[in-house]
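# Secondary and tertiary structure notes
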Amino acid sequence: MTTMESLIGLVNRIQRACTVLGDYGDGDNTFSSLWEALPSVAVVGGQSSGKSSVLESIVGRDFLPRGSGIVTRRPLVLQLHKTEDGSQEYAEFLHLPKRRFTDFSMVRKEIQDETDRVTGRTKQISPIPIHLSIYSPNVVNLTLIDLPGLTKVAVEGQPDTIVQDIETMVRTYVEKPNCIILAISPANQDIATSDAIKLAREVDPTGERTFGVLTKLDLMDKGTNALDVLEGRSYRLQHPWVGIVNRSQADINRNVDMIVARRKEREYFATSPDYGHLANKMGSEYLAKLLSKQLESVIRARIPSITSLINKSIEELESEMDHLGRPIAVDAGAQLYTILELCRAFDRIFKEHLDGGRPGGDRIYGVFDNQLPAALRKLPFDRHLSLQNVRKVVSEADGYQPHLIAPEQGYRRLIEGSLNYFRGPSEASVDAVHFVLKELVRKSIGETQELRRFPTLQAEIAAAANEALERFRDESKKTVVRLVDMESSYLTVEFFRRLPQEVEKAGNPATSTVDRYTEGHFRRIGSNVSSYVGMVSETLRNTIPKAIVYCQVREAKLSLLNHFYTQIGKREGKQLGQMLDEDPALMERRQQCAKRLELYKAARDEIDSVSWAR
Ligand SMILES: Nc1nc2c(ncn2[C@@H]2O[C@H](COP(=O)(O)OP(=O)(O)OP(=O)(O)O)[C@@H](O)[C@H]2O)c(=O)[nH]1
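Residues numbered from 1 in each chain as written. Predicted model: local features only at pLDDT ≥ 70, side-chain atom pairs only at ≥ 80, totals over all residues. Heavy atoms only, no water.

With respect to spatial proximity, 18 residues lie near the ligand, and among them Ser52, Ser53, Asp218, Asn246 and Gln249 are the closest. A distance of 2.9 Å separates an oxygen atom of the ligand from a polar atom in the backbone of Lys51. A total of 640 Å² of accessible area belongs to the ligand in isolation, and the protein chains cover 90% of it. With respect to the detected pockets, the ligand is housed in the second largest pocket. Of all the elements in the fold, those that place two or more residues in the shell around the ligand are helix H3 (51–59) and helix H8 (249–253). (Near = heavy atom within 4 Å. Polar contact = N/O pair within 3.5 Å; in protein donor to acceptor, adjacent residues only side chain to side chain. Areas by Shrake-Rupley, 256 points an atom, 1.4 Å probe, with all protein chains shown as cover. 1 Å grid on protein atoms, 1.4 Å probe; cavity = no way out; pocket = protein on both sides within 12 Å on 5 of 7 lines; lining within 4 Å. Sits in = over half its atoms within 2 Å of the grid points. Helix = DSSP H or I, 4+ residues; strand = E, 2+ residues; numbered from the N terminus.)

Empty space within the second largest pocket amounts to approximately 600 Å³. Lining the second largest pocket are 25 residues; nearest its centre among them are Ser48, Ser49, Gly50, Ser53 and Arg66. Those elements that provide at least two residues to the lining of the second largest pocket are H3 and H8. If you tally residues by element for the lining of the second largest pocket, the top one is H3, at 3 residues. Class assignment for the residues of the lining of the second largest pocket results in 6 nonpolar, 14 polar and 5 charged. (Points joined across faces, edges and corners; volume = space filled by probe spheres on them. Nonpolar A, V, L, I, M, F, W, Y, C, P; charged D, E, K, R; others polar.)

Further remarks concern the pairing of strand S1 (residues 40–45). With 6 of 6 residues buried, S1 lies mostly within the body of the structure. Every second residue of S1 is oriented toward a common face, with Ser40, Ala42 and Val44 on one face and Val41, Val43 and Gly45 on the other, all of them buried. (Buried < 20%, exposed > 50% of the residue type's maximum accessible area, 1.4 Å probe, protein only.)

Turning to unusual backbone geometry, a few remarks are in order. A positive phi angle is found at Lys216, which is not glycine, with a value near 60 degrees. The topology assignment puts Lys216 in the loop between strand S8 (210–215) and helix H7 (227–230). For Lys216, a relative accessible area of 24% translates into the label partly exposed. Of note, Asn255 is a non-glycine position whose phi angle comes to about 60 degrees, a positive value. Its location among the elements puts Asn255 in the loop between H8 and helix H9 (258–271). Judged by relative accessible area, Asn255 falls into the exposed class, the value being 63%.

With that out of the way, let us pick up helix H20 (residues 519–559). Taking 1.5 Å per residue, 41 residues should reach 60 Å; H20 reaches 57 Å between its end C-alpha atoms and fits that length. In H20, a bend of some 40 degrees at Val549 exceeds every other bend along the element. (Expected span 1.5 Å × (residues − 1). Bend = angle between axes of the 7 residues up to and from the residue.)

With that out of the way, let us pick up the pattern of salt bridges. The full count for this structure, using the stated rule, is 36 salt bridges. With a shortest N-O distance of 2.6 Å, Glu167 and Arg171 are connected by a salt bridge. Taken as a pair, Glu167 and Arg171 lie in helix H5 (residues 162–174) at a separation of 4 residues, close to a single helical turn. The exposure class assigned to Glu167 is partly exposed, which follows from its relative accessible area of 26%. Among the salt bridges present, the one from Arg254 reaches Asp251, with a minimum N-O distance of 3.0 Å. Accessibility expressed as a relative area gives 58% for Arg254, which makes it exposed. In this structure Asp251 comes out as buried when scored by relative accessible area, which is 11%. If you follow the salt bridges from partner to partner, you end up with Arg74, Glu110, Glu114 and Arg117 in one network. (Salt bridge = Lys/Arg side-chain N within 4 Å of Asp/Glu carboxyl O.)

Turning our attention to the nonpolar core. One broad rule of soluble globular proteins: the nonpolar side chains tend to lie buried together. Ranked by internal contacts, the top residues of the largest apolar core, which has 102 residues, are Leu34, Phe63, Leu132, Leu144, Leu182 and Leu217. With 15 residues, the single largest contributor to this core is helix H10 (residues 284–324). Beyond its immediate stretch of four places on either side in the chain, Phe63 contacts Glu56, Leu76, Leu78, Phe104, Val107, Arg108, Ile111, Leu132 and Ile134. Within the second largest apolar cluster, 65 residues are counted, among which are Ile339, Leu354, Val433 and Leu560. (Core = buried A, V, L, I, M, F, W, Y, C linked by side-chain atoms within 4.5 Å. Contact = heavy atoms within 4.5 Å.)

Reading across the sheet, the 9 strands line up as S4-S3-S5-S2-S6-S1-S7-S8-S9 and stay open at both edges, with mixed pairing between neighbours. Looking at the sheet topology across the chains shown, the edges are occupied by strand S4 (96–101) and strand S9 (242–243). Note that strand S3 (residues 90–93) and S4 share 2 bridges and pair antiparallel. Each residue of the ladder has a partner; that of Ala91, found in S4, is Phe101. This element, helix H6 (residues 195–203), spans S1, strand S7 (179–186) and S8 of the sheet and lies at about 150 degrees to S7. (Pairing = 2+ DSSP bridges. Axes fitted to C-alpha atoms, helices over the stretch in contact; angles between N-to-C directions.)

Time to look at empty space enclosed by the protein. A full pass over the atoms with the stated rule returns 3 cavities of 30 Å³ or more. Put simply, the largest cavity is a space of about 60 Å³. As for the largest cavity, its lining consists of Trp35, Glu36, Leu38, Ser40, Ile145, Tyr173, Lys176, Asn178 and Cys179. Partitioning the lining of the largest cavity into residue classes produces 5 nonpolar, 2 polar and 2 charged.

This paragraph deals with helix H14 (residues 387–398). Along its 12 residues, H14 runs 16 Å from first to last C-alpha, staying within 8% of the 16 Å computed at 1.5 Å per residue. All buried positions along H14 are accounted for by Asn389, Val390, Val393, Val394, Ala397 and Asp398. All buried residues of H14 project into a common sector of 160 degrees when viewed along the axis, lining one side. Tucked inside the fold, the buried residues of H14 contact helix H13 (381–384), helix H15 (408–420) and H20. (Arc of directions from axis to C-beta.)

Moving on, we come to the environment of Arg266. Take Arg266: it is sitting in helix H9. Sequence separation between Arg266 and Ile244 is 22 residues; the distance between their C-alpha atoms is 9.6 Å.

Any pair of aromatic rings gets described here by the distance separating the centres and the angle formed by the planes. A complete count under the given rule lists 11 aromatic pairs for this structure. Judged by centre distance (5.3 Å) and plane angle (90 degrees), the ring pair of Tyr268 and Phe269 falls under edge-to-face. Among the residues examined, Tyr268 registers a relative accessible area of 25% and is labelled partly exposed. What links up through ring pairs into an aromatic cluster is the set Tyr411, Phe495, Phe496 and Tyr532. Directly above the aromatic system of Tyr90 lies the positively charged group of Arg100, at a separation of 4.0 Å from the ring centroid. Above the plane of the ring of Tyr173 lies Lys176, whose end atom (NZ or CZ) is 5.7 Å from the centre. (Phe/Tyr/Trp six-rings, centres within 6.5 Å; stacked < 30°, edge-to-face > 60°. Lys NZ or Arg CZ within 6 Å of the ring centre and 35° of its normal.)

It is the contact of helix H12 (residues 362–377) with helix H16 (residues 423–447), at a shortest axis distance of 10 Å, that shows an interaxial angle of 155 degrees. On the basis of the axis angle, H12 is roughly antiparallel to H16. In the packing of H12 onto H16, the handedness of the crossing is right-handed. On the side of H12, the interface is formed by Arg363, Ile364, Val367, Phe368, Gln371, Leu372, Ala375 and Leu376, while H16 contributes Pro425, Ser429, Ala432, Val433, Val436, Leu437 and Glu439. Of the residues that constitute the contact of H12 with H16, the class distribution is 11 nonpolar, 2 polar and 2 charged. (Parallel < 35°, antiparallel > 145°, perpendicular 65-115°, else oblique. Left-handed = near helix turned anticlockwise from the far one by under 90°.)

In structure tokens form, the structure reads like this:
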């Protein structure tokens, strides 16, 4: 069975958890507020309208600070818990969880002190609530929020904005659709001028969540009464008005006991010629029961939507936490483990780019299939093997004695000169692949979700990977240049052995002797060299990619971060921690999310436990 106690107690516990975690429906609106979803009763009224007196007579105890000026400067969340008859009354503050107050004058002092702790003695106001629980056989289960009295003028020492500040604070409470408004107005003032009614009318025009309370009925001018208000003719609300007679100032001064005052109030209504017919619907005890019932029914109606709000929030927070990543371990071993895991995650993605599955690796093949052949085709062999140059090189090589048969030296010089040109495209291919790999490192870092939160580690991995790629590039360049040099250092003899035969086959040996120093002769030399160079070009077109893949691509796959791993293995805990340095804003957000999550989970457990009891 869901008892009134369990429902109001449930909301009490969730409210306290909210305050502990800084959720009191104010400020930080990056999270949906659970506080705002919880039904509550807020007490509003102008200064001296009798708010404190009403609260005290509901509780049956003197415990609120009194004085001139604005005494209530922070919201007071007053949670009343009914205990068994005969048990001792006591009070507890949320901010002093271990202390039980049995002396209520000390409660009053603590409210004052705790107000000052947050607001300073400057008489400022603060929206951070004070939570006070009272356990007593003389109360009904109820939660009331006492708010600063609405005022029209700032008193000395208070900032001019205080009038507006108070109104704004009160408004943030009463405008929430879950707030039951206890609007207190004194009977000895025209109801049309009541601050409480004015505000309530604005935020709750239909009057469905406003309870009108009329205090100071005993102070009305002789011969007048408040029946027009109490019977709903002056100002109509959905709920009936409740008239109250609190202790007068003289009673307070004489220390009239609250329980005695309650009895006197009952007698007042029972014997009043004006209000006798309403006696069983008047007075602070009746008001307390009425509110308790109303609060309970509002809570009952709201439980399903609170539950769904909680579940939705938990889901959102958990997915945000997943996105933000879990908090990092503090010990060096675990940190090293985390770093290695992150490096591996990056490495996996990098390899996927090379092996396919992710785009980018194909660009390396593009270098081999397009760029390299195109660069080879563009080499200026036409110029180098032009008739003019061939003649020049061959003649120079012969010195003062022109060659008799084949210009051996001339051939060698022309070939060497040509083969040198291959260095350019070979090195350019190495560079082109290097840039592709570098770009893939950059991309892979960006794509490693797990690394998102660690900008420092990202930078370190990028630096280490690029450094490794530079080393591979150097190695690769040495290798391809060596391939070219190898071609120059030993020519394929076969090719030339075949040449004279071809010449002989081509025609008359007599002509060939005549031709020796003619254009045709040099043209033939040029074309022979050109075919040889073409053959070498074919070979290099195949071997350069092999060298590049071997030195750069394969190495990148096998050992991109190897050097980095040995380096971090030697680092101290502090340095490891620095590598896992997160964006502070992100850390802050995670902490907030974790706190909220804790709150919502606690609230869910509370609701579950009440539902089980049902
Ligand atoms: N005779 C009589 N006096 C009352 C009644 N209600 C309040 N008072 C007196 O009115 C004065 C103001 O009452 P409070 O309860 O302090 O009013 P408040 O709205 O809490 O005032 P602030 O906190 O200063 O805004 C006190 O002297 C009370 O004794 C009442 O019903 N009858």
